Amino acid sequence: MWEFVALYLKHDMKVPQFYGKVELMQTIMNQGSEFFVFLLQWPFVRYVGLQEPASVLASIFNLLVHIVGLYRLRRYTSPKAPLYWFWHIFALVCMNGWIWSTVFHTRDTPFTEHMDYFSAFSMVLFSFFSAFVRIFEQVFCSEVIGAAVLMISFFTYHIYYLAFVHFDYGYNMRANIGIGGLNALVWILWSWRNRRTHRHIWKGALFIILALSSVGLEVNDFLPIYWILDAHALWHFSSALITPLWYSFLIDDCNYLHEKLKVKVN
């Protein structure tokens, strides 16, 4: 993939996010055989005008999973439970991200591409922030507020740099992997530390491990199956399949914190 990006830069051409669109192949074939070799690997078949039909379906699947997850959270936990409303915000951030993912994979334009990237990064960063919220079991404390200020500052810089300085795919990938890696590390360490007191904690830890494993699909692409199903779409499908496990953890954790609060009050 990065060899292909280098070829675009070598010829002073705009680097697209998805390198296999049929119209791109038709446009760039005349630029040289080296482009044709790469582009021939990445054509996608369109259905009802969808540029990336499998990724659109996977994004919708993820959106529905978060909607159902939020519904189950509301049904099986009490509004009085600590972090109950915080996880509502988490779900809404994720829903926004998958909405823009759906839009972007439906029609790739500079605007939809930016919104997809920005929304995706907001999910990664908010997940990292949620680790601090869970560790301190509250939102309004000095440690969590300090973390929030740092993350909002970094998010603002990230958006500004990509939108107004340079839309750097490599930088964006490194930022997502870096924050995602830190997020996973914090959650796993917290899970290990509390494994004996939180019976439900295995669900959250397993989700993190599975999510980390699925990243391999994003960084190791392959020839689209039937010119429809590529590694990126499979990555999205995998996240949809494991996300219910995360919401199951959130439900159990909210109930655990609620019981803990009732004991403390009494």
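Our subject is the structure that appears above.
Every residue gets a number counted from 1 within its own chain, in the order that chain's sequence is written. For a predicted model such as this one, the threshold for reporting local features is a pLDDT of at least 70, and the threshold for listing and counting side-chain atom pairs is 80 or more; totals across whole chains, interfaces and linings nevertheless cover every residue. Heavy atoms throughout the structure, all of them, feed into the side-chain values; hydrogens and water do not.

Q: Looking at this model, I keep getting lost on the overall build of the chain. Mind explaining?
A: Summing up its helical and strand segments, the chain has 10 helices and 0 strands in all. When the elements of the chain are put in sequence order from the N terminus, they spell out α-α-α-α-α-α-α-α-α-α. The buried label goes to any residue with under 20% of its type's maximum accessible area, the exposed label to any with over 50%, and the partly exposed label to all in between, with areas taken from a 1.4 Å probe on protein chains only. Within the chain, the fraction of its 266 residues that count as buried is 48%. A separation threshold of at least 6 residues defines the contact pool for the chain, and within that pool the share at least 24 residues apart is 69%. To measure how exposed things are, a 1.4 Å probe is used in the Shrake-Rupley method; for residues, cover is taken only from the protein chains shown. Working note: accessible area of the chain is about 14,100 Å², and carbon and sulfur atoms make up 69% of it. Strands are runs of DSSP state E lasting at least 2 residues, helices are runs of H or I lasting at least 4, and numbering of each runs from the N terminus. By definition in these notes, contact holds between two residues if any of their heavy atoms fall within 4.5 Å.

Q: Help me out: how do you make sense of the packing of aromatic side chains in this one?
A: The geometry of an aromatic ring pair is captured by the separation of the ring centres together with the interplanar angle, meaning the angle of the planes. Only centres within 6.5 Å qualify two rings of Phe, Tyr or Trp (six-membered ring in Trp) as a pair; their planes then separate them into stacked at under 30 degrees, edge-to-face at over 60, and tilted for everything else. Enumeration over the complete set of coordinates arrives at 26 aromatic pairs. Arranged with centres 5.7 Å apart and planes meeting at 80 degrees, the rings of Trp-100 and Phe-111 form a pair that is edge-to-face. Of this pair, Trp-100 sits in helix α5 (residues 84-106) while Phe-111 sits in helix α6 (residues 110-136), placing them 11 residues apart in sequence. Taking relative accessible area as the criterion, Phe-111 reaches 53% and is therefore assigned exposed. Look at Trp-246 and Phe-249: their rings are 5.1 Å apart centre to centre, the planes differ by 40 degrees, and that puts the pair in the tilted class. With Trp-246 and Phe-249 both in helix α10 (residues 231-265), this residue pair falls 3 residues apart, about one helical turn. Among the residues examined, Trp-246 registers a relative accessible area of 3% and is labelled buried. When its relative accessible area of 1% is taken as the criterion, Phe-249 is described as buried. Here the aromatic cluster, defined as three or more aromatic residues joined through ring pairs, consists of Phe-86, Trp-87, Phe-90, Phe-126, Phe-129, Trp-187, Trp-190, Phe-207, Trp-246 and Phe-249.

Q: How should the packing of helix α9 (residues 201-219) against α10 be read in this particular structure?
A: Helices that pack against each other are described as a pair by the angle of their axes relative to one another and the distance between those axes. For the pair α9 and α10, interaxial distance at closest approach is 9 Å and the crossing angle is 170 degrees. When the interaxial angle is binned, α9 and α10 end up roughly antiparallel. Listed contacts from α10 to Ile-201, Trp-202, Lys-203, Gly-204, Leu-206, Phe-207, Leu-210, Ala-211, Ser-214, Val-215, Leu-217 and Glu-218 of α9 are Ala-231, His-232, Leu-234, Trp-235, Ser-238, Ile-242, Thr-243, Leu-245, Trp-246, Ser-248, Phe-249 and Asp-252. When residues are grouped by polarity, Ala, Val, Leu, Ile, Met, Phe, Trp, Tyr, Cys and Pro land in nonpolar, Asp, Glu, Lys and Arg in charged, and all others, Gly among them, in polar. For the contact of α9 with α10, the residue count by class is 15 nonpolar, 6 polar and 3 charged. Structural elements are reduced to axes, namely lines fitted to C-alpha atoms, with helices fitted over the stretch in contact, and the angle between N-to-C directions of any two is expressed from 0 to 180 degrees. An angle below 35 degrees is treated as roughly parallel, one above 145 as roughly antiparallel, one from 65 to 115 as roughly perpendicular, and anything else as oblique.

Q: Can you walk me through the nonpolar core in this structure?
A: A general trend in soluble globular proteins is that nonpolar side chains are found buried together. Residues belong to a common nonpolar core when they are buried Ala, Val, Leu, Ile, Met, Phe, Trp, Tyr or Cys residues joined through side-chain atoms within 4.5 Å. Core analysis: the biggest nonpolar cluster contains 52 residues, and Trp-87, Phe-129, Trp-187 and Trp-246 have the highest contact counts within it. Counting only elements with at least two residues in this core, the list comes to α4 (53-76), α5, α6, α7 (142-165), α8 (169-193), α9 and α10. Looking at this core element by element, the count peaks at 10 residues for α6. Apart from the residues within four sequence positions on either side, Trp-246 is in contact with Trp-87, Phe-90, Trp-187, Gly-204 and Phe-207.

Q: How do you make sense of the layout of surface pockets when you look at a structure like this?
A: Any empty space left between the atoms is revealed when a probe the size of a water molecule rolls over them. The way it works is a 1 Å grid over only the protein atoms, where trapped points that fit a 1.4 Å probe form a cavity and open points with protein on both sides within 12 Å along at least five of seven lines form a pocket, and then any residue with an atom within 4 Å of a point lines it. Grid points are joined across faces, edges and corners, and a volume is the space filled by probe spheres set on the points. Each pocket or cavity is described by its volume, and for the second largest pocket that value is around 270 Å³. What lines the second largest pocket is Phe-86, Ile-89, Ser-122, Leu-125, Phe-126, Phe-129, Val-139, Phe-140, Ala-148, Met-151, Ile-152 and Phe-155. Breaking the lining of the second largest pocket down by element, the ones donating at least two residues are α5, α6 and α7. In terms of residue class, the lining of the second largest pocket is built from 11 nonpolar, 1 polar and no charged.

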